[in-house]
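# Residue-level structure breakdown
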Amino acid sequence: MENEEDQMGDQDQRLPTNAMGVTQYPHGSNKIQFTPTVKPDRTRGSGEEEAFGAPMTRRPSIPQVMSEKEKNRRKREEEAEKKNVNIDEHLFPHAEVAERYETRINMEKPGESGGLTSQQAEQLLHEHGPNVLTPPKKRHPILKFLDCLLSLFNLLLILAGILEYILLGIDFKDNFQNTYLGAILIAVAFINAFIEFYQQQKSQALLESFLNMIPAKCMCLRDGKLAQIEASSLVPGDVVFCRMGDKTPADIIVFASSDCKVDNSSLTGESEPQERGKDNDMKNPLEATNLMFNSTLVISGEAYGIVIRTGDATVLGQIANLTAGEDKTKSPLAHEIDNFVKIIATIAIVTAIVFFGIAFPVNNNNVSLALNFAIGIFVAWVPEGLPATVTMLLTIAAKRMAEQNVLVKDLQGVETLGAITLLATDKTGTLTRNQMTTTNLWTCGTLYDATTQAGSEKDTAGLGKPGVEDIMYISALCSRAKFDRTDVPIKEREILGDATESGLVRYTAANLPNYDDLAQQYPKVFELPFNSDTKWHMSIHKKPHANGPLTLFIKGAPERVLRLCDKILTGPNGESVPLTDEHKKSYDETYEHMASRGHRVLAFAEMLLPGDQYPEDFHFDKKEKNYPLGNFIFVGLASLEDPPKHGVREAIGKCRAAGIKVMMVTGDHPLTAEAIGRKINLMLSDTKAMVAKRTGRPLNDIGEDEYNAIVVHGEQIDTLTDAEWDNIFLKNEIIFARTSPKHKLEIVRRAQSMGHIVGVTGDGVNDSPALKKADLGIAMNVSGSDVSKEAASMILLDDNFASTVRGIEEGRLIFVNLKKSIQYTISHSTPEVIPNLLYVIVPIPLPLSAILILVIDLGFELLAALQFAWDPPETKEGLMKLPPRKPVTPETIDIFRRRALRRTRSHFDEEAGVVIAPEDQTRLQKLAHNIRELFTREYWADKFENTGAEVLVDGPLLSWAYLEIGMIEAIGALTAFFVVLNSRGITPYDARVMQKGAGPPTNYWTSSAQPYKGIDGPTQVDILAEAQSMYYWSIMTMQMFNIFACKTRLTLPFGKYMFANRVTFYSILGGAALAAFIIYTPGVEVVFGTTRNLLPLYWLIPFGFGFVIIAYASLRMLIRRRAKPINWNPEIQGLQMYPTIRTVRSMSTKSN
């Protein structure tokens, strides 16, 4: 029942001579050697180096590069730390602390303490402010909307819309239809921003409904009277009373307590309850046994304490401030969309300038016409529907994830989850249940599993096994843990009490049929509660036996209980024999086996009190100590653990199989962390110490490339060099133990400095700074703190870690579908731009009017692009067998840091191995430096250096859209255009001649035009309308085929997968219906300049080119697949992918 520090301390004293090979070095060296339970042999295959990075002999050559902003932020953090008054009250006598805060306490009778006076409290409240955390600054909704509106893509749309109105100013009459086009472009930008803004507000509203808005109350002694007051009105010096079930209202120093234990897991990550009393011998405030911190839960007993910190000055407040000081990292998708916008804008501006120069002399130096043309070209390049498509695709994916209990606060977080290369996860409450569970029993010389285990070689404990029933009775009766109610099944009950006792009680209640009646059946007549001096709990009950009416039960620390025993239980009916060295050896081996797995171990003993000495009415007295204190019968041992959650092992296995590095970052003990890590696929291979032991070599002789797993103690983190950080992150299996919130934040920063896209999962206050800094923070809803939920980008509503894996798969799928959607959408840009060029340069009649371009972009194309959101993966597990799209290797780390050097204008001194920061520069100097850099070879070499990363818009995609499929569609549409003209008596040559005469006096292509070869003006208008209708219909038809051509990247664009998404066919039908409506509906042709005279016979032309597109896509895929085969992740040997059943069986082959 001792706290974790005591428990581990007792274990550590034993472990150096451990037969199981567990070694704890003396305090200060921070090195932990842990020989694991037996596991499958594992050797690294040649492909595995590619999956997890380059060979371990290759290291990054450039150390971490920090920006000026990062340096300033760290400097501010250090200054803030100095300003925060360090807690030192735990080192002083209570009387001195009371004197410091001018308060009155009574050590002997704490309930009669005077506390502060009301006048003192009022004055101090005015000085220190209310005992609440400063809420995080929230941006006004209008500013949030502006953030959405001012994204680069929306700015590009708004610019294109403004340019349309500039055209209106140049020539109002001819460009009047641009009024609609400009308004629609600007409206699309606003609508897109609104969709994104609405989704953010909806997620925020849902989040706020989860946060605890009930004002906390507490019991406080003021003016010598105990009263319930608002926790917000507490001030330093107040005397407070906390009991089981209360949340500690502020940071307090305890001056009186009774069996008080607190749950510090949300602050420190320790899963074990921590005992709190008036005495303390620890210097570190977080480890002090006489301090209780704001928001920690009292899980047993009661305590009186003096308030020493309130509000933002509390430990909780300092962590919250650390979170507030962190900038949110921009998502990878946001970066790539911005880059795409820059590419589109560059192409649009360059082509507009070039063709303005061409159009100017061709059109007899007509500035107005050339400018009109240049702006038209610029607008034609802008994919108007794409921003809405991207937002809607992400919204649909977010909705799908919400159905799986994953709340996405930031839309782009959906894709970020699929892009992560490193997942740093908390242990307690995230990987484990934060609920102690009985795992093994050892009694009468036999080791049992507490519950049935898959493939276990041990028997399962049952009431028929000798000694098992005795342990259950001791667990049930010698306990202070209680169920909150008895009118519901045991599984639905809550337990009030210590976590370890709760684990034993829940196990016993599930196995003893008459558990609820035991307290009445065997009433307690005497009890000595657990305390840190004895480290055991004793109780005496009216439980009759052959020699008397009373039975004594005792449980506690194994070595303490064994010391009180001289016999050991051997049979089912209380048979016992004297303890021998052989028994003690068996006990030692069993205890060490349990402890080596990171379990909490308790011992049980009993004594059948003789009736002649202890009759039924015997009065036991604590002061007289007239109760037995030795000669007990040793019954056995029980081990408990905070077990992994269901599905965690398989989830981590799937992440690792997907090439994602999963590491544990916890405040818990290294032994406990590693033991859990080895059960959940997080750690499979040998650590440095294990390699040394296996090979019989000294620890210092083991090279970095000889081991692949590492456990890092938190005390080492502050002294790690850049090279040591790099070595740690190049390992495949990493555990950081005994970490503080600041350590967790530093770990995330270091990983990001190597180019990792970092996901962080956690539920405690201590996780929140790292959650906010990470590329994607994932908080727990049920067990998570309000601070962590605010800091995260995503919340698991059911606290199921396995939802993360589904999210990763969904994120990878949405990236693939987004890429397909963009590839499809921008393919129609070329057949829209080419007609404009030919219209001015050749010239020919305009094949596609501005209004029809808009109908394409915001009509059929929008519907067709959205259907990609429902595309399933091409293969069942294909997405999770591919490496992350931005893999991290020593080579990519160097590239990433080289770019960081360029960004920060720093210089890497290779001889000294250090990064030299630039001298302070003015903004003008920085701008001049950036402009000069554009003309250097290094800049462009770095820009186009192959990092092995897959980006949203890359060279092959742009080539496909603009040069390959785009040109095929342009040729196909122009062919159909000229075939229609030719069928009506106008050859391509005639079309050119007529277009040159489109102005006065001939005015061809207008209703008032002079006849051309007998074709009058109205007929010319009808012919051009039919040809333009055909051009529009051709683009729509060929894009239908392009949908299927864009769908696949692993298989050919035909077959079963083509029919996997029914929405595809709905969108095609919808698009075709829209096109038919625009062309063939009476009266509509007036608006869009189309005609009903278009013969369906001409549809065969774009259909033919559609089959050409499918054939070309198939040939292209075959060539690419041969030139660049798919790089699947190699299989990781040793992964345990079977389900977690209640508790997890150790892979140890220890015999019964």
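All residue numbers here refer to positions counted from 1 along the written sequence of the relevant chain. Only residues with pLDDT of at least 70 get local features here, since the model is predicted, and only at 80 or more are side-chain atom pairs given and counted; chain-wide, interface and lining totals rely on the full set of residues. Hydrogens and water molecules were not included; the side-chain quantities draw on all heavy atoms of the structure.

With an unreviewed UniProt entry as reference, the protein chain is termed Cation-transporting P-type ATPase N-terminal domain-containing protein, source organism Bifiguratus adelaidae.

The next subject is helix H20 (residues 648-657). Most of H20 sits inside the fold, with nine of its ten residues counted as buried. Of all the positions in H20, only Val648, Arg649, Glu650, Ala651, Ile652, Gly653, Cys655, Arg656 and Ala657 are classed as buried. Of the residues trailing H20, Gly659 is marked for its positive phi of about 85°. Each residue's exposure class comes from its accessible area (1.4 Å probe, protein chains only) as a fraction of the maximum for that residue type: buried when under 20%, exposed when over 50%, partly exposed otherwise. Numbered from the N terminus, helices here are DSSP runs of H or I no shorter than four residues, and strands are runs of E no shorter than two.

It is worth spelling out the packing of aromatic side chains at this point. Pairing of aromatic rings covers Phe, Tyr and Trp, the last through its six-membered ring, and needs centres within 6.5 Å; plane angles under 30 degrees mean stacked, over 60 mean edge-to-face, and all others mean tilted. Counted under the stated rule, the structure contains 29 aromatic pairs. Between Phe526 and Tyr627, the ring centres sit 5.2 Å apart and the planes meet at 35°, which makes this aromatic pair tilted. Residue Phe526 is found in strand S17 (residues 524-528), and its partner Tyr627 is found in the loop between strand S22 (600-608) and strand S23 (632-641); the two are separated by 101 residues along the sequence. Classification of Tyr627 by relative accessible area gives buried; the value is 9%. Arranged with centres 5.8 Å apart and planes meeting at 90°, the rings of Tyr587 and Phe634 form a pair that is edge-to-face. One end of the pair, Tyr587, is in helix H19 (residues 581-596); the other, Phe634, is in strand S23, and 47 residues separate them in sequence. Both residues of the pair, Tyr587 and Phe634, belong to the buried class. Put simply, the rings of Phe526, Tyr614, Phe618, Phe620 and Tyr627 pair up and form one aromatic cluster. The residue whose ring lies beneath Arg100 is Phe92, and the NZ or CZ to ring-centre distance is 5.3 Å. Over a ring means this: the NZ of a Lys or the CZ of an Arg is within 6 Å of the ring centre and within 35 degrees of the ring normal. Here the basic side chain of Arg493 rests over the ring of Phe483, its NZ or CZ set 5.0 Å away from the ring centre.

Within the element layout of this structure, Lys789 appears in helix H27 (residues 786-791). Here a polar contact is recorded for every N or O atom pair within 3.5 Å, except that within protein the pair must consist of a potential hydrogen donor and a potential acceptor, and residues adjacent in sequence are included only if both atoms are side-chain atoms. A polar side-chain atom of Lys789 sits 2.9 Å from the main-chain carbonyl oxygen of Asn781.

UniProt positions are given in the numbering used here, feature names are shortened, and annotations may be inferred rather than shown by experiment. According to UniProt, the "transmembrane region" (unreviewed entry) feature falls on residues 145-168, 180-198, 340-361, 373-397, 837-870, 960-981, 1063-1083 and 1095-1115. Within the segment residues 145-168, helix and strand shares are 92% and 0% respectively, and the terminal C-alpha atoms sit 29 Å apart. Taken end to end, residues 837-870 has its terminal C-alpha atoms 36 Å apart, with 65% of it in helix and 0% in strand.

Here we come to unusual backbone geometry. With an omega of -10°, the peptide bond running from Val842 to Pro843 counts as cis. Relative to the helices and strands, Pro843 is located in the loop between helix H29 (829-841) and helix H30 (850-866). Within the chain, Cys444 stands out as a residue other than glycine whose phi angle is a positive 50°. Summarising the element assignment, Cys444 is placed in the loop between strand S12 (437-443) and strand S13 (446-449). Even without being a glycine, Asn631 presents a positive backbone phi close to 60°. Looking at Asn631, the relative accessible area reads 52%, which means it is exposed.

Turning next to the sheet that holds strand S28 (residues 776-780). Strand pairing is assigned whenever DSSP detects at least two bridges linking the two strands. The strand order S10-S29-S28-S27-S11-S24-S26-S25 describes an open sheet built from eight strands, whose pairing is mixed. Where the open sheet ends on each side, the last strands, each with one partner, are strand S10 (406-408) and strand S25 (709-713). Here the strands of the sheet are splayed against their neighbours by 20° on average, with no regard to which way each runs. Note that strand S11 (residues 422-425) and strand S27 (residues 758-762) share four bridges and pair parallel. Across the sheet, residue Ala424 finds its bridge partner in S27, namely Val760. Axes, fitted as lines to C-alpha atoms, cover a helix only where it is in contact. Angles between the N-to-C directions of the axes lie from 0 to 180 degrees.

Orientation of helix H15 (residues 468-477) relative to helix H16 (residues 499-511), taken along the N-to-C sense of each, is 125°, at an axis distance of 9 Å. Considering their axes alone, H15 and H16 lie oblique with respect to each other. Relative to H16, H15 is oriented so that their crossing is left-handed. Here Met472, Ser475 and Ala476 of H15 come into contact with H16, specifically with Leu504, Val505, Tyr507, Thr508 and Asn511. Looking at the contact of H15 with H16, its residues break down into five nonpolar, three polar and no charged. Here roughly perpendicular refers to angles of 65 to 115 degrees, roughly parallel to angles under 35, roughly antiparallel to angles over 145, and oblique to all remaining angles. Each helix crossing is assigned a hand: it is left-handed if the near helix lies turned anticlockwise from the far helix by less than a right angle, otherwise right-handed if that turn is clockwise. Residues count as neighbours in contact if any of their non-hydrogen atoms are within 4.5 Å of one another. Following the grouping adopted for this structure description, the nonpolar residues are Ala, Val, Leu, Ile, Met, Phe, Trp, Tyr, Cys and Pro, the charged ones are Asp, Glu, Lys and Arg, and the polar ones are all others, Gly among them.

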